[in-house]
Each structure stands twice: as C-alpha cells, then as structure tokens.
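Overview (structure and organization)
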Amino acid sequence: MKIRNFTYSFALLAVFALAETAAAQSATVPRVTMNATNESVLRLDISSAAGGVVGTGGVTDFVVALGNVNGQGVGTPLPGVTKSFTPGVGALGYAIYTTPIILTPVFSGYAGNATIALTIGGGTNDAIAVEGDSNATATLAAARSVVTGSLSDVANERHVGFKISKMETTGAKTAMLLYTITMP
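Residues numbered from 1 in each chain as written. Predicted model: local features only at pLDDT ≥ 70, side-chain atom pairs only at ≥ 80, totals over all residues. Heavy atoms only, no water.

Let us now look at the overall build of the protein. From N to C terminus, the protein includes 1 helix and 11 strands. Element order for the protein, N to C, with α for helix and β for strand: α-β-β-β-β-β-β-β-β-β-β-β. Looking at the protein as a whole, 32% of its 184 residues qualify as buried. Considering only contacts in the protein between residues 6 or more positions apart, those separated by 24 or more positions represent 73%. Here the protein has roughly 11900 Å² of accessible surface; of this, 60% comes from carbon and sulfur atoms. (Helix = DSSP H or I, 4+ residues; strand = E, 2+ residues; numbered from the N terminus. Buried < 20%, exposed > 50% of the residue type's maximum accessible area, 1.4 Å probe, protein only. Contact = heavy atoms within 4.5 Å. Areas by Shrake-Rupley, 256 points an atom, 1.4 Å probe, with all protein chains shown as cover.)

Have a look at this one:
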C-alpha cells in the first residue's frame with residue numbers, strides 16, 4: 001500500500017510541476033494602436049419651416065417665393081405667407097409679407113454654442129427685405145446677430161420677407177439675406 005501512495009504522490013507532483021511550467025510561460029497579447037486627428041466641422045442648414053412656404057434649392061442657395069404682394073395688403077397671400085398692414089399716407093403705409101424658415105447650425109469639435117449673424121447683399125431689392133423672430137417683429141434686414149447660444153442640430157425659426165410700401169414700384173422683387181455661423 002505504501003508504494004501505491006507513493007505512486008499517487010509522484011503523479012500529483014508531476015501535475016503540479018507541469019502546471020507551474022505552463023504558468024511560467026508568458027502569453028503574447030496582440031494589440032492595435034490607433035491614431036486620429038479630430039477635425040472641427042461647422043455648417044448652417046437652411047430649410048422650410050412647418051406652416052411656411054416650401055423653399056427650393058439647397059442649403060447654400062435656398063429660394064423662398066412669396067407670390068404676389070402689394071403695399072395695401074389687399075388679397076389673400078400664398079399658403080404659408082403671413083401679412084400685416086400698417087395704414088399711412090404715401091410711403092408711411094405698407095404691408096409686410098413673411099414666411100418662416102429654419103436655420104440649423106450643425107457642428108462638432110467646438111466647445112460652446114453657435115451664433116448666427118445676418119447680412120444682406122446681392123439682391124436688387126435688399127433695402128425692402130425684412131427678417132425677425134415673427135411677422136410682427138420682422139424689421140428691415142441689417143447686419144446683426146439673429147441667434148445666439150444655439151446648440152448643434154437645434155432648429156431656429158426665423159421669418160423672412162418684404163416690406164412693401166404703397167410707393168413701391170410694381171414688378172418682381174429680389175432680395176438676398178446672407179446668414180453666417182460663428183463659434184466662440
């Protein structure tokens with residue numbers, strides 16, 4: 001019996017010796033090292049607003065057709081166009097026609113929020129273009145910040161259109177509003 005215990009002891013020692021040898025080997029761990037440079041991206045999307053005139057073109061050349069307008073505010077505007085009339089003598093009487101649009105800043109790689117500024121230029125009737133938070137607050141377009149502190153991918157509604165005085169000559173009217181986006 002003693003030999004049998006010795007055999008079992010020897011076998012047990014052999015198992016531990018093999019296990020120790022296996023543990024002493026170092027395993028190679030494959031790895032992947034990656035490098036990249038994160039770039040900042042900044043753009044301003046312009047689109048039609050719900051309930052407004054459906055614009056045409058793309059984000060870089062968006063066109064809004066307001067239809068027929070007049071300085072008396074007479075007639076029914078196109079669907080999506082809001083009008084308001086201010087009575088007055090001569091040029092003091094006018095109608096404002098606007099439609100909502102959406103300005104959406106899209107950015108990444110920036111810390112902070114976007115500012116959207118307005119300038120005018122390029123249209124033959126820029127002097128009668130209006131822009132504002134609503135039809136009631138739309139004023140003659142001039143260089144100014146119109147949206148401050150906007151997060152990325154947040155739709156900001158603006159109202160654009162024309163102030164047509166009673167003295168305005170008939171014919172097609174074209175104005176161009178230029179929106180720019182800046183980051184702090």
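The structure having been displayed, the exposition proceeds.
We now examine the side chain of Thr99. Mapped onto the secondary structure, Thr99 falls in strand S5 (residues 94-108). For Thr99, the side chain forms a polar contact with the main-chain nitrogen of Val53, separated by 2.8 Å. (Polar contact = N/O pair within 3.5 Å; in protein donor to acceptor, adjacent residues only side chain to side chain.)

Another aspect to go through is the nonpolar core. Ranked by internal contacts, the top residues of the largest apolar core, which has 17 residues, are Leu44, Ile46, Ile101, Leu103, Ile116, Val146 and Tyr179. Residue assignment for this core shows that the elements contributing at least two residues are strand S1 (41-48), S5, strand S6 (114-120), strand S9 (144-150) and strand S11 (177-182). Setting aside residues up to four positions removed in sequence, Tyr179 forms contacts with Leu44, Ile46, Ile101, Leu103, Ile116, Ala117, Leu118, Glu131, Val146, Arg158 and Val160. Counting residues in hydrophobic clusters, the runner-up holds 8 residues, among them Ala95, Tyr97, Phe162 and Ile164. (Core = buried A, V, L, I, M, F, W, Y, C linked by side-chain atoms within 4.5 Å.)

With antiparallel pairing, 3 strands are arranged side by side in an open sheet as S9-S6-S11. Unpaired on one side and paired on the other, S9 and S11 mark the two borders of the sheet. This sheet shows a mean twist of 20° between the axes of neighbouring strands, independent of strand direction. When S6 meets S9, the two strands line up antiparallel, connected through 5 bridges. When the sheet's bridge partners are listed, Leu118 is paired in S9 with Arg144. (Pairing = 2+ DSSP bridges. Axes fitted to C-alpha atoms, helices over the stretch in contact; angles between N-to-C directions.)

Take the pattern of salt bridges next. Two side chains of opposite charge can pair, provided their charged atoms sit close to one another. Inspection of the entire model under this criterion finds 5 salt bridges. Notably, a salt bridge pairs Asp45 with Arg43, separated by 2.9 Å at the nearest N-O pair. Asp45 gets classed as buried once you look at its relative accessible area, which sits at 18%. Between Asp133 and Arg158 there is a salt bridge whose closest N-O contact spans 2.2 Å. You can see Asp133 sitting in the loop between strand S7 (129-132) and strand S8 (139-140) and its partner Arg158 sitting in strand S10 (residues 156-165), a full 25 residues away along the chain. Asp133 gets classed as exposed once you look at its relative accessible area, which sits at 52%. If you follow the salt bridges from partner to partner, you end up with Glu131, Asp133, Arg144 and Arg158 in one network. (Salt bridge = Lys/Arg side-chain N within 4 Å of Asp/Glu carboxyl O.)

A few words now on the environment of Ser165. Looking at the element boundaries, Ser165 is found in strand S10. Separated by 73 residues in the primary sequence, Ser165 and Leu92 have C-alpha atoms spaced 7.1 Å apart. With sequence-adjacent residues up to four places away left out, Ser165 is seen in contact with Gly71, Ala91, Gly93 and Tyr94. Here Met167 takes part through its backbone nitrogen, which lies 3.1 Å from a polar atom of the side chain of Ser165.

Attention now goes to the packing of aromatic side chains. Counting across every chain of the model gives 1 aromatic pair. Cation over ring: Lys163 sits above Tyr94, and NZ or CZ is 4.1 Å from the ring centre. (Phe/Tyr/Trp six-rings, centres within 6.5 Å; stacked < 30°, edge-to-face > 60°. Lys NZ or Arg CZ within 6 Å of the ring centre and 35° of its normal.)

Keep in mind that these numbers describe shape and distance, not what the molecule does.
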